[in-house]
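Here is what each chain is made of, one letter per residue.
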Amino acid sequence: MKKTIFIILFTLLSIAQTSPDILPKDLKFYIYYLASDELEGRFTGSKGEQLAADFIKNHYQKLELKPLFNDSYFQEFDVLTKIEVEQNNYLNFRISKEIINAKLYQDFIPLSISDNMNNNNQEIVIAGFGISTKEYDNLKDINLQNKLVIIFDDVPEKFEKNRNFNFDTRTKIKFLIDKGAQNIAIIRYPNDLQTKLPKKIKLDMSPVYKGRSIILLHPEFAKNIFAKANILYDTLYQSYKKLNNEKSLVIKNIALEKSSVELKRINSKAKNVAALLPNSQSDEYIVIGAHYDHLGWGEFNSLYQNDTPQIHNGADDNASGTAGVLELAEYFKHNPNLSKYNLVFVNFTGEELGLLGSNYFVKNSPIPMHKVKTMINMDMIGRLDSLKELTINGTGTSSIWKGIIDSLNNFYNFKIIKVDDGYSPSDNTPFYSQNIPVLFFFTGIHSDYHRPSDDAEKINYNGQADVLNFVKDVVAAMNNKVIDVIITPRKQESRSSFRVYVGTVPDFSYNGQGYKISNIAKNSPGEKAGIQGGDIIIKFGDIDVANIYDFTFALSKYNIGDEVEVIYIRNDQTLKTKLMLSGR
């Protein structure tokens, strides 16, 4: 990562001129600023994001493109950007008349999914690994209400090679909650007494578990507490790990005196940036977009393994896509006759936090979404390799895509990897969920992904210019085509693959209670049962659903052909339906 000097960059910005043509030097100009240290990784809602937004806005103003949001290029919305540990966090144990006070950060720390709450005078239950399945059940015949439940975050040795969703920490939390647990302590890395707890809470966009206190407990502190109760920590842990012990253990001579969790969730203003190149002969639109946010100092989803924070500049992810939108905006401004559509150029924020900006745009669009003929998304288009591999997602979302792509590629000679699916972990997904055809251009993953080393000097600027010329030609080729849409069922309801299929598309921007649906696949079990986009599922069968993880957990409990009652909320009304689960 190379440190840049802001005053020199500012001077360059004020005098630089980019070309109407798509040129590597233009892309280099954009990316070296957007991926500079001064923008500190462009984290959503940060000062660096604002600097990037202003840079994008100034470019659109220079081109005299029309602001998309009334008289503004900015579309603002609130987003959770920080979780702080407040003063009222404590964990105290009682042994006879002795009180043992755990130290915050050293012995325990709350998890971001914990609610703010107090607990007093509770028995302690050691619930093994917190697993509850047919093959292995730590929670059989145990009542966890009004108790502090401690679990080792591990799996039995016999399941080590075949870990599945049931062994995930969030699934364990769901197991415990279903058994009545309100106060949960998780021993992460239970066999590593030298491990250190984090000194601050890492941002997590997952909803809070209402009425539940959830903390991490340091293994060494747990070992000392167990010893006070005459329990050998290592012996107990190994009995669960190697000896197939499944039984939970109620501790009689030590209890929780009192505990408290108090977290402060801080919202910031984030902003999408967008401009319009109008065409008076059309009332239809093509959206060309990319996200411009990144990971800041690694606050969220970083793969960087080091205690010393570093700026994640995100040159490829996604200064490259942002530069692509800016360059295409300039190109089409000087060549307006190449597209018969109104062209919307939009730079999303909050993609790294869960497609927040694109979801907000789709739900609060200043243009009628039913008039959007397609959305073209560019995410990480700066690392074209020597094989010229270019991945294009969404090639099955319209019948015209493959013919256009193959015809144009006779000139460009990319090694194109076509992916039919219109759903992906990028900003095309909210558009496809609105039945809009999409194309998502991507030059591939690399070792610098989500690390501080994703810097501007590693971009293949000539290769990126080729990709953008290809995208430009795809846009132009739409003029003589009827753009239809093909809706295919999403391959997975979520990150885990189960046999059963409902047909829901998650609303990734939602962080309230329940599992909110953005769209539902045609002729799917969900649609046949009357479920619609915007509905919030709160119960699936006999399982309460507080978030997407609970919904995924619920799916794992059923088989093809099962009839399941679903309780959901629509427009503040609680409704019920029954659906018949099918296969994919």
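In this report, we go over the structure that sits alongside the text. (Residues numbered from 1 in each chain as written. Predicted model: local features only at pLDDT ≥ 70, side-chain atom pairs only at ≥ 80, totals over all residues. Heavy atoms only, no water.)

With that settled, consider the overall build of the protein. Each helix and strand in the protein was counted, giving 13 helices and 25 strands. Seen through its principal axes, the protein has C-alpha atoms that stretch 80 × 60 × 45 Å. Split into buried and exposed, the 584 residues of the protein put 58% on the buried side. Sequence-distant contacts, at least 24 apart, represent 78% of the contacts inside the protein between residues at least 6 apart. When the accessible surface of the protein is totalled, it reaches about 24,900 Å², and 47% of it is carbon and sulfur. Averaging the coordinates of the 68 positive side-chain charges in the protein and doing the same for the 69 negative ones gives two points 4 Å apart. (Helix = DSSP H or I, 4+ residues; strand = E, 2+ residues; numbered from the N terminus. Buried < 20%, exposed > 50% of the residue type's maximum accessible area, 1.4 Å probe, protein only. Contact = heavy atoms within 4.5 Å. Areas by Shrake-Rupley, 256 points an atom, 1.4 Å probe, with all protein chains shown as cover. Lys, Arg positive; Asp, Glu negative; His and termini not counted. Charge placed at Lys NZ, Arg CZ, Asp CG, Glu CD.)

To continue, consider the nonpolar core. Judged by nonpolar contacts, the single largest core of 92 residues is most densely connected at Phe-93, Phe-152, Leu-176, Leu-217, Phe-226 and Phe-540. Counting residues in hydrophobic clusters, the runner-up holds 64 residues, among them Ile-31, Leu-34, Ala-290 and Ala-465. (Core = buried A, V, L, I, M, F, W, Y, C linked by side-chain atoms within 4.5 Å.)

Turning next to the pairing of strand S14 (residues 372–378). Within a regular beta strand, the side chains point alternately toward one face of the sheet and then the other, so they alternate between its two faces. For S14, the tally of buried residues reaches six of seven residues, placing the bulk of the element in the interior. Here strand S12 (residues 285–291) pairs with S14 via five bridges, running parallel. Across the sheet, residue Tyr-285 finds its bridge partner in S14, namely Val-372. Pairing between S14 and strand S17 (residues 438–442): four bridges, direction parallel. Bridging from a neighbouring strand, Asn-377 pairs with Phe-440 of S17. (Pairing = 2+ DSSP bridges.)

What follows concerns the environment of Gly-561. In this fold, Gly-561 is placed in the loop between helix H13 (548–555) and strand S23 (563–570). Here the alpha-carbon distance between Gly-561 and Ser-213, two residues 348 residues apart in the chain, equals 37 Å. Sequence-distant contacts of Gly-561, that is, excluding residues within four places in its chain, are made with Met-580 and Leu-581.

All right, on to unusual backbone geometry then. At the junction of Asp-317 and Asn-318, the peptide bond is cis and its omega measures out at 0° in the coordinates. At Asn-435, a residue that is not glycine, the phi angle is positive and equals roughly 65°. With respect to the helices, strands and loops of the structure, Asn-435 is situated in the loop between helix H10 (429–432) and S17.

Strand order in the open sheet formed by eight strands is S4-S3-S10-S6-S7-S8-S9-S5, and the pairing between neighbours is mixed. Taken across any chain shown, the strands that pair with only one partner, and hence form the sheet edges, are strand S4 (98–101) and strand S5 (108–110). The average undirected angle you get between the axes of adjacent strands in this sheet is 30°. Looking at chain direction, strand S6 (residues 117–126) and strand S10 (residues 249–261) are connected through eight bridges and run antiparallel. The residue of S10 that forms the bridge with Gln-122 is Leu-256. Sheet strands touched by helix H5 (residues 219–228): strand S3 (90–95), S4, S6, strand S7 (147–152), strand S8 (183–187), strand S9 (213–217) and S10. Its angle to S4, the strand with the most contacts, is close to 170°. On top of the sheet, helix H6 (residues 233–241) reaches S6, S7, S8 and S10; it is set at about 70° to S7, its chief contact. (Axes fitted to C-alpha atoms, helices over the stretch in contact; angles between N-to-C directions.)

Here Thr-429 shows up in helix H10. Judged by its relative accessible area of 2%, Thr-429 is buried. With residues near it in sequence (within four places) discarded, Thr-429 still touches Leu-355, Gly-422, Tyr-423 and Ser-424.

The tally for this structure, following the rule as stated, stands at 34 aromatic pairs. Judged by centre distance (5.4 Å) and plane angle (90°), the rings of Tyr-331 and Phe-332 are edge-to-face. Side by side, Tyr-331 and Phe-332 carry an identical accessibility label, which is buried. In this structure an aromatic cluster arises from ring pairing among Phe-129, Phe-152, Phe-226, Tyr-233, Tyr-237 and Tyr-240. (Phe/Tyr/Trp six-rings, centres within 6.5 Å; stacked < 30°, edge-to-face > 60°.)

Let's shift gears to the pattern of salt bridges. All chains considered together, the criterion is met by 28 salt bridges. Note that Lys-25 is salt-bridged to Asp-26, the shortest N-O span being 3.2 Å. According to the relative accessible area criterion, Asp-26 is buried, its value standing at 1%. With a closest N to O distance of 3.2 Å, Lys-458 and Asp-448 form a salt bridge. Placement of the pair is Lys-458 in the loop between S17 and helix H11 (461–477) and Asp-448 in the loop between S17 and H11, with a sequence separation of 10 residues. On the accessibility criterion, Lys-458 (36% relative accessible area) is partly exposed. Connected through shared salt-bridge partners, Arg-383, Asp-448, Asp-454 and Lys-458 make up one network. (Salt bridge = Lys/Arg side-chain N within 4 Å of Asp/Glu carboxyl O.)

Here the focus is the packing of helix H2 (residues 24–34) against helix H7 (residues 315–334). Packing of H2 against H7 leaves a shortest axis separation of 9 Å and a crossing angle of 135°. Relative to H7, the element H2 lies oblique. Note on packing geometry: the crossing formed by H2 with H7 is right-handed. Contacts between H2 and H7 involve Asp-26, Leu-27, Tyr-30, Ile-31 and Leu-34 from the first element and Ala-315, Ala-319, Ser-320, Thr-322, Ala-323, Leu-326, Glu-327 and Glu-330 from the second. Among the residues making up the contact of H2 with H7, the classes are represented as eight nonpolar, two polar and three charged. (Parallel < 35°, antiparallel > 145°, perpendicular 65-115°, else oblique. Left-handed = near helix turned anticlockwise from the far one by under 90°. Nonpolar A, V, L, I, M, F, W, Y, C, P; charged D, E, K, R; others polar.)

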